[in-house]
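Now for the letters of each chain:
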Amino acid sequence: MAASNLRPPAAAGRPPALHRGLRTLGALLIVLSAVTPASSVFIIAPGVIGQAGTGAFWSFAAAGAVGVLMAFVYAELSSAYPLTGGEYAIVGRTLGRLPGFVVLGLILITQLLILAVIALGAGTYLGVLVHGLDGPVVAALAVAVATVVAIFDIKVNALVTGVFLAIEMGALLVLSGLGLLHVERPFTDLLAHPVAAADGGGLAATSAGLIAAATAVAIFAYNGYGSAVYFGEETHDAPRAVARTILWALGITVAAELIPITAVLLGAPDLKELLGSDAMMEYFITARGGHALNTVISLAIALAILNAVIAIMLLTARLIFSSGRDGTWTPRIDGALTALHPRFGTPWIATVVTGALSAAACFLNEKFLLVVTGTSLVAVYAALCLAVIAGRRNGTTAHAKYRMPLFPVAPVAALAALAYVIYQNAKDPEVGRPSLLVTVVVMAVSAGYFALVLRRRGGWELKGGQDGEEAG
């Protein structure tokens, strides 16, 4: 479709509407694939374990508690506004358009770079089968494949991600079995005597500060359950179904990650070897199951990574589609980003743009990617907590079909936990402080764009919902 034939949303008379082709189960399969528990366990968890040692159990447990609080927040807000713009569309309608646009800036940068971070793991696990693979090239190819798949009908994507998800969960079951059938130390050691690798190759007690700092990364490992809102305009009975999907996704995610991580910490033959290894999960699986099993699981994890890239591609493309629908860029760009595929009804140009930007990001330094995405998620969570409180006070969420229990306990407790995580990150000069600085810079640039560009040309119009109406 030529760019000249594409119309901006305003010219069409009503905002472009996505096709409602998902039920709760289909949405849940895509959301769990976006969370990608196996990728979190094999790619993100080793970083948490390397930082907190066996205290990683407490980091993931604390992150799970924060996740429960945030799931209640997400569920209520998403029930009120099940819009494909996700977090920014919600914050913009409850706290105001400037905070909403700042959240759009944070989420947009984070989602595009998260795709690259996840995709870079594909080369690591495919390297078990084919030595000498170029990691960034493999990652970019994974993004390209995901881009093509994501253009197809949303029901086809639910089926594809569901099949891959089953393989992913099977790998986690095997990992859990290897640990729980060969327990080397009592569970109470994880609870009362957590240890981490010390200088010189020994072990030392893990401090509460290290556990808290690692919790920020563990929160990131669970992240994605709230992405059900991005498919709100494609889900039947969205105000109820999206809330249910979020709560189910969080529960399944915590179990699917915390159980195998605990099993590895309990069943590792030698803690010093595990905590000192550059490939913790490979060491554990090889020690307990042999090289052949490690090869099979490595292939399963590579498929899980591809599955995650597809799922995250789907939701990021919808975020970019929504930004165009709301008139964020220029009329010509907005018109292109809101173009729907004539056969599949999917935002195909937004998907291609997402794929191109994320594939390019695969060639950036991986540490830089982690720094940029590190604490932005905490800032977005904090904005959502404030949004749900404001929504109750000003009535903007009064029409929600789901209301969290014991309000305002969840958002207030989550804000306290997030503040503590930020405090601990501010004490970390290597990753925490640079990540906080980048988050502040992104927020400032987003606010500047809103004030100097959007406000000067007449404001920023939040649209959305099926057939131009609010979906809720």
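Definitions and limits used
- Residues numbered from 1 in each chain as written.
- Predicted model: local features only at pLDDT ≥ 70, side-chain atom pairs only at ≥ 80, totals over all residues.
- Heavy atoms only, no water.
- Helix = DSSP H or I, 4+ residues; strand = E, 2+ residues; numbered from the N terminus.
- Rg over C-alpha atoms; globule rule 2.2 N^0.38 Å.
- Buried < 20%, exposed > 50% of the residue type's maximum accessible area, 1.4 Å probe, protein only.
- Contact = heavy atoms within 4.5 Å.
- Expected span 1.5 Å × (residues − 1).
- Salt bridge = Lys/Arg side-chain N within 4 Å of Asp/Glu carboxyl O.
- Core = buried A, V, L, I, M, F, W, Y, C linked by side-chain atoms within 4.5 Å.
- Bend = angle between axes of the 7 residues up to and from the residue.
- Patch = residues over 30% accessible without salt bridge, like charges linked within 9 Å, V, L, I, M, F, W, Y side chains within 5 Å.
- Areas by Shrake-Rupley, 256 points an atom, 1.4 Å probe, with all protein chains shown as cover.
- Phe/Tyr/Trp six-rings, centres within 6.5 Å; stacked < 30°, edge-to-face > 60°.
- Lys NZ or Arg CZ within 6 Å of the ring centre and 35° of its normal.
- Axes fitted to C-alpha atoms, helices over the stretch in contact; angles between N-to-C directions.
- Parallel < 35°, antiparallel > 145°, perpendicular 65-115°, else oblique.
- Nonpolar A, V, L, I, M, F, W, Y, C, P; charged D, E, K, R; others polar.
- Left-handed = near helix turned anticlockwise from the far one by under 90°.
- pLDDT = per-residue confidence, 0-100.
- Polar contact = N/O pair within 3.5 Å; in protein donor to acceptor, adjacent residues only side chain to side chain.

A.B. asks: Break down the overall build of the protein for me, citing the residues and quoting the values.
C.D. replies: Across its full length, the protein carries 19 helices and 2 strands. For a compact globule of 472 residues, the expected C-alpha radius of gyration is about 23 Å, and the protein comes in at 22 Å, within 12% of that figure. Split into buried and exposed, the 472 residues of the protein put 57% on the buried side. In the protein, the share of contacts with a sequence separation of at least 24, taken over all contacts with a separation of at least 6, comes to 82%.

A.B. asks: Would you mind going over helix 6 (residues 135–151) in detail, with residue names and values included?
C.D. replies: Helix length check: helix 6 (17 residues) gives 25 Å between terminal C-alpha atoms against 24 Å at 1.5 Å per residue, within 8%. Buried residues of helix 6: Val138, Ala139, Ala140, Ala142, Val143, Ala146, Thr147, Val149, Ala150 and Ile151, and no others.

A.B. asks: Tell me about the pattern of salt bridges, and name the residues and values.
C.D. replies: Scanning the model with the defined rule gives 6 salt bridges in all. The salt bridge involving Glu233 is made with Arg325; its shortest N-O contact spans 2.8 Å. In this pair, Glu233 is assigned in the loop between helix 9 (208–222) and helix 10 (238–267) and Arg325 in helix 13 (residues 291–325), connecting sequence segments 92 residues apart. In the salt-bridge network here, residues are joined through shared partners; they are Glu76, Arg392 and Arg403.

A.B. asks: So what's going on with the nonpolar core? Which residues, and what values?
C.D. replies: Membership of the largest hydrophobic core comes to 152 residues, with the highest contact counts inside it found for Phe42, Phe60, Met70, Tyr225, Leu274, Phe284 and Leu384. In terms of residue count, helix 13 provides more of this core than any other element does, 18 residues in total. Filtering out sequence-adjacent residues up to four positions away, Met70 remains in contact with Tyr225, Tyr381, Leu384, Cys385 and Ala414.

A.B. asks: Which residues make up helix 2 (residues 37–52), and what values go with them?
C.D. replies: End to end, helix 2 covers just 20 Å across 16 residues, shorter than the expected 22 Å (1.5 Å per residue, more than 12% under). Its axis deflected by about 45 degrees at Ala45, helix 2 carries its strongest bend there, up to four residues before the proline Pro46. For helix 2, the tally of buried residues reaches 12 of 16 residues, placing the bulk of the element in the interior. Looking one or two residues beyond helix 2, the residue adopting positive phi is Gly53, at roughly 60 degrees.

A.B. asks: Quick one: what's the story with a nonpolar patch on the surface, residue by residue and with numbers?
C.D. replies: Nonpolar side chains collect at one region of the surface, where Trp58, Phe187 and Leu191 lie side by side and expose about 260 Å² of accessible area between them. Note on placement: Leu191 falls in helix 8 (residues 187–192).

A.B. asks: Go over the packing of aromatic side chains, please, and point to the residues and values.
C.D. replies: Geometry of an aromatic ring pair is reported as the spacing of the ring centres plus the angle between the planes. Throughout the structure, instances matching the rule amount to 13 aromatic pairs. A centroid spacing of 6.0 Å and a plane angle of 45 degrees characterise the contact between Phe101 and Phe450, whose relative ring orientation is tilted. Taken together, the residues span a long stretch of sequence, with Phe101 in helix 5 (residues 97–126) and Phe450 in helix 19 (residues 432–454) at a distance of 349 residues. The same class applies to Phe101 and to Phe450, which are both buried. Sitting over the face of the ring of Phe407, Arg392 holds its NZ or CZ atom 4.1 Å from the ring centroid.

A.B. asks: Give a detailed account of unusual backbone geometry, specifying residues and quantitative values.
C.D. replies: The omega torsion across Phe407 and Pro408 is 10 degrees, close enough to zero to call that bond cis. Structurally, Pro408 is set in the loop between helix 17 (376–394) and helix 18 (409–426). In this structure, Thr36 takes a positive phi of about 45 degrees despite not being glycine. On the secondary structure map, Thr36 appears in the loop between helix 1 (24–35) and helix 2. Note on Thr36: relative accessible area 1%, which makes it buried. Backbone geometry places Asp237, a non-glycine residue, at a positive phi of 50 degrees. Turning to its location among the elements, Asp237 is positioned in the loop between helix 9 and helix 10. Residue Asp237 is classed as partly exposed on the basis of its relative accessible area, which comes to 41%.

A.B. asks: Which residues make up the packing of helix 6 against helix 15 (residues 348–361), and what are the values?
C.D. replies: The interhelical angle for the contact between helix 6 and helix 15, taken along N-to-C directions, is 175 degrees, at an axis separation of 9 Å. On the basis of their axis angle, the class for helix 6 and helix 15 is roughly antiparallel. Contacts between helix 6 and helix 15 involve Ala140, Val143, Thr147, Ala150 and Ile151 from the former and Trp348, Thr351, Val352, Gly355, Ser358 and Ala359 from the latter. Across the contact of helix 6 with helix 15, the residue classes break down as 7 nonpolar, 4 polar and no charged.

A.B. asks: Break down the packing of helix 7 (residues 154–180) against helix 12 (residues 280–289) for me, with residues and values.
C.D. replies: In the contact formed by helix 7 and helix 12, the axes pass within 10 Å of each other and the chain directions differ by 65 degrees. Crossing of helix 7 over helix 12 shows left-handed handedness. Mapping the contact onto sequence places Leu175, Leu178 and Gly179 in helix 7 and Met281, Phe284, Ile285, Arg288 and Gly289 in helix 12. In the contact of helix 7 with helix 12, the residues fall into 5 nonpolar, 2 polar and 1 charged.

A.B. asks: How would you summarise the confidence of the model for the protein if you had to cite specific residues and measurements?
C.D. replies: The pLDDT averaged across the protein works out to 90; a share of 94% of its residues lies at or above 70. Considering only residues more than four positions removed or in separate chains, one finds that residues 466–472, a stretch of pLDDT under 50, has 24 contacts.

A.B. asks: Report on the side chain of Glu233, specifying residues and quantitative values.
C.D. replies: With relative accessibility at 0%, the residue Glu233 sits in the buried group. In terms of polar contacts, Glu233 uses its side chain to reach the side chain of Arg325, at 2.8 Å.

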